[in-house]
Amino acid sequence: MKVLKRENTNTWGTVQICTGYGNGGNGCGALLLVREEDIFATFLDDIRTPETKFFYTFKCPICGRLTDILEDEIPDKVKKSVMKRLGNR
C-alpha cells in the first residue's frame, strides 16, 4: 500500500459549525474542521470606550459567511499566532 497524502496530525484543529455567530448569523450549518491557519482576527472599535475588542474568526468555504469561535475554545499559542499574523499585515 502506498500513502498518497498524510494529514499533519501535529496541527491543532477544532470542529465548528458555520453559524455566522458574531457576524449577523445566517450561516449554512456546514460542519467544518477549522485549523489554526483558517482563523484570523477581526475587531470592533467601541466608540463608547477606548477599547478594541478582538475576535477569532473563520470564513466558511461553502457559503463565505464569517463565524467567530469562542475564545475559550482556542489554545493560547493559537491565539498568539493569529494576533501575530494580524500585526504582520
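Here is a short report on the structure shown in this document. (Residues numbered from 1 in each chain as written. Predicted model: local features only at pLDDT ≥ 70, side-chain atom pairs only at ≥ 80, totals over all residues. Heavy atoms only, no water.)

1. Focus on the overall build of the chain
Then comes step 1: Helix and strand counts for the chain come out as one helix and five strands.
Then comes step 2: N-terminal to C-terminal, the α/β element order of the chain is β-β-β-β-β-α.
Then comes step 3: Taking the principal axes of the C-alpha coordinates as reference, the chain spans close to 60 × 30 × 25 Å.
Then comes step 4: Here the chain holds 89 residues, and 28% of them are scored as buried.
Then comes step 5: When contacts within the chain are restricted to residue pairs at least 6 apart in sequence, long-range pairs at least 24 apart make up 49% of them.
Then comes step 6: Put simply, the chain has 14 plus and 12 minus side-chain charges, and the middle of one group is 8 Å from the middle of the other. (Helix = DSSP H or I, 4+ residues; strand = E, 2+ residues; numbered from the N terminus. Buried < 20%, exposed > 50% of the residue type's maximum accessible area, 1.4 Å probe, protein only. Contact = heavy atoms within 4.5 Å. Lys, Arg positive; Asp, Glu negative; His and termini not counted. Charge placed at Lys NZ, Arg CZ, Asp CG, Glu CD.)

2. Here we look at the nonpolar core
Then comes step 1: Ranked by size, the top nonpolar core spans 14 residues in total, and within it Leu32, Val34, Ile39, Ile69, Ile74, Val78 and Val82 carry the most contacts.
Then comes step 2: Breaking this core down by element, the ones donating at least two residues are strand E2 (31–35), strand E4 (52–59) and helix H1 (76–87).
Then comes step 3: Not counting residues within four places of it along the chain, the set of residues in contact with Val82 comprises Ile39, Phe40, Ala41 and Tyr56. (Core = buried A, V, L, I, M, F, W, Y, C linked by side-chain atoms within 4.5 Å.)

3. Here's the deal with a nonpolar patch on the surface
Then comes step 1: Taken together, the side chains of Val15, Ile17, Leu31 and Leu33 present a nonpolar region at the surface, about 410 Å² in accessible area.
Then comes step 2: For the nonpolar patch, the elements supplying multiple residues, two or more each, are strand E1 (13–17) and E2.
Then comes step 3: Looking at Leu33, the relative accessible area reads 48%, which means it is partly exposed. (Patch = residues over 30% accessible without salt bridge, like charges linked within 9 Å, V, L, I, M, F, W, Y side chains within 5 Å. Areas by Shrake-Rupley, 256 points an atom, 1.4 Å probe, with all protein chains shown as cover. Salt bridge = Lys/Arg side-chain N within 4 Å of Asp/Glu carboxyl O.)

4. Quick word on the environment of Asp38
Then comes step 1: Mapping Asp38 onto the fold places it in the loop between E2 and strand E3 (40–45).
Then comes step 2: Counting along the chain gives 26 residues from Asp38 to Gly64, while the straight-line C-alpha distance between them is 13 Å.
Then comes step 3: If we ignore the near neighbours within four places in the chain, the residues touching Asp38 are Leu33, Thr57 and Phe58.

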